[in-house]
Amino acid sequence: MESLKKVAVIGGGIAGAQAASLLKGMDVTIIAGESYLPYYRMRIGEIISGKDPQTLLMHPSSWYEDKGIRIIHGRAERIDASACRIELSDGSSIDYDYAIIATGSEARTLSLPGGRKESFVLRSADDAISLRRALSSADSFAVIGGGLLGLELAMEAAQSFSIPVSVVESAEHLLPRQLDRDSAAAVQAYLQGKGVEVLTSAETSSADDSFVYLKDGRRIPAAVLAFSVGVIPSKDIAEKSGIKSGKGIIVDHHLMTSAPRVYAAGDAVELDGRTFGLALHAREMGTAAAKAVMGEEVEYIPSEPSALLKIGGMDVASFGTIDGEMRVEADGNRRRTLFIRDGIVKGAVLINDKAGMMAVKEMIGKPF
Ligand SMILES: Cc1cc2nc3c(=O)[nH]c(=O)nc-3n(C[C@H](O)[C@H](O)[C@H](O)COP(=O)(O)OP(=O)(O)OC[C@H]3O[C@@H](n4cnc5c(N)ncnc54)[C@H](O)[C@@H]3O)c2cc1C
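Now for a quick tour of the structure. (Residues numbered from 1 in each chain as written. Predicted model: local features only at pLDDT ≥ 70, side-chain atom pairs only at ≥ 80, totals over all residues. Heavy atoms only, no water.)

### Points about the sheet that holds strand β19 (residues 269–271)
With mixed pairing, the three strands of this open sheet are ordered in space as β17-β19-β20. Pairing within the sheet leaves two strands with one partner each, and these edge strands are β17 (249–251) and β20 (274–275). Here β19 runs beside β20; their pairing, made up of two bridges, is antiparallel. Bridge pairing in β20 links Leu 271 to Arg 274. (Pairing = 2+ DSSP bridges. Helix = DSSP H or I, 4+ residues; strand = E, 2+ residues; numbered from the N terminus.)

Laid out in structure tokens, this is it:
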């Protein structure tokens with residue numbers, strides 16, 4: 001009997017777990033760099049308010065055993081594509097017929113002068129545990145970066161710890177890529193009402209162990225400081241293995257890297273000069289890479305992203321391009337803004353309008 005093809009998936013995040021779960025009739029190993037089984041990364045903010053990381057696991061260990069998926073907790077260092085072998089940092093190695101690199105991304109930080117000793121990011125369950133520990137004995141918290149993740153983090157901290165929480169954002173208003181100015185003002189007012197101080201047009205200049213200092217002379221209390229200023233694709237393994245990379249690990253529309261039988265998926269990837277950073281694309285690419293490995297014809301086209309944000313009791317959704325003539329409908333705390341260019345609906349922002357979400361999403365790209 002012919003033996004099963006061996007597939008090694010490097011990274012047990014969203015893309016890696018998705019790919020592994022879809023590979024049928026193959027001998028699958030996930031090389032997971034973290035000590036946990038694959039978990040819902042998007043929910044790690046809940047650890048800050050006291051949730052046990054084990055409750056965020058995608059599946060219990062028996063699920064992987066039943067599917068015959070082996071999980072090795074370790075770090076893949078290098079791929080020897082000519083020998084079809086992955087070398088791990090503990091000196092062991094794994095042979096493969098196909099490999100999928102799904103190493104995700106790392107949180108970016110800023111290096112600020114001023115001698116501050118410690119700062120945090122929120123990327124992994126362990127990061128969330130460290131943040132919770134630090135916040136539980138702190139008297140203030142500042143988040144640098146008012147993107148989706150920064151706002152969620154600030155809100156989670158404000159709800160769980162009775163300390164001043166500030167968000168420092170360099171743009172003129174919050175979420176400039178996802179929201180128009182008025183919708184952003186509504187979000188900002190809501191956050192302020194929940195005890196999160198939002199500073200916009202705020203450029204950081206330095207930080208010591210107590211404060212973050214802004215270029216305009218203000219200082220923000222920051223016994224604990226976290227950065228939420230974007231991500232950097234984790235491409236080191238490609239660099240060490242002679243696999244083509246740029247901003248990320250370069251793939252074609254079949255998710256093939258420059259090495260034979262080696263695919264890549266998720267945040268780690270660069271496709272047509274673009275990197276990603278969303279669970280939506282990580283899941284799609286995990287699916288596409290699994291199909292490609294199983295011999296199906298794959299032509300991956302990334303879906304149009306949408307941003308959904310739940311800030312305490314406020315629901316915010318943003319679709320398409322936030323640019324063009326605005327049509328606003330507001331009613332109490334519900335607000336719907338459509339962006340129209342050349343008679344076509346290009347984008348939309350909805351606040352507290354969950355019921356209208358599907359219908360509005362359908363309108364994007366169609367005549368108004
Ligand atoms: C708090 C938070 C909230 C988020 N919220 C949203 C949201 O609301 N909507 C959305 O679309 N996206 C969200 N994201 C982004 C989303 O989580 C990522 O886009 C997604 O996780 C990317 O999946 P991935 O599999 O490519 O990488 P990851 O999920 O980052 O997984 C990569 C895994 O590979 C491991 N790894 C790295 N290098 C190696 C190696 N050499 N050997 C072995 N293992 C390795 C890493 O440790 C990690 O476990 C959020 C992210 C965070 C942190």
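### Re the sheet that holds strand β2 (residues 27–32)
Spatially, five strands are ordered β3-β2-β1-β7-β18 in an open sheet, and the strand pairing comes out parallel. Each edge of the open sheet carries a strand with a single partner, namely β3 (70–73) and β18 (262–264). Across the sheet, the mean angle from the axis of one strand to that of its neighbour is 20°, orientation sign disregarded. Pairing analysis gives five bridges linking strand β1 (residues 6–10) to β2, with the strands arranged parallel. (Axes fitted to C-alpha atoms, helices over the stretch in contact; angles between N-to-C directions.)

### What to know about the site of the ligand
In the neighbourhood of the ligand, 27 residues make up the surrounding shell, with Ala 15, Glu 34, Arg 41, Arg 123 and Asp 267 lying closest. Backbone polar atom of Ala 76 to a nitrogen atom of the ligand: 2.9 Å apart, as the coordinates give it. In the model, an oxygen atom of the ligand is placed 2.8 Å from a nitrogen or oxygen of the Ala 279 main chain. Bound to the protein, the ligand loses 88% of the 1000 Å² it would expose on its own. Sorting the residues of the shell around the ligand by element identifies α1 (14–22) and α8 (279–293) as the ones contributing at least two each. Considering every element that reaches the shell around the ligand, the biggest residue donor is α8, with three residues. (Near = heavy atom within 4 Å. Polar contact = N/O pair within 3.5 Å; in protein donor to acceptor, adjacent residues only side chain to side chain. Areas by Shrake-Rupley, 256 points an atom, 1.4 Å probe, with all protein chains shown as cover.)

### Details of the nonpolar core
Membership of the largest hydrophobic core comes to 102 residues, with the highest contact counts inside it found for Ile 86, Ile 100, Phe 141 and Val 187. At eight residues, α8 tops the list of elements feeding residues into this core. With residues up to four places along the chain from it excluded, the contact list for Val 187 reads Leu 151, Leu 174, Leu 179, Ile 311, Met 314, Val 316 and Ile 351. Listed in part, the 14 residues of the second largest apolar core include Ile 144, Leu 199, Ala 202 and Phe 227. (Core = buried A, V, L, I, M, F, W, Y, C linked by side-chain atoms within 4.5 Å. Buried < 20%, exposed > 50% of the residue type's maximum accessible area, 1.4 Å probe, protein only. Contact = heavy atoms within 4.5 Å.)

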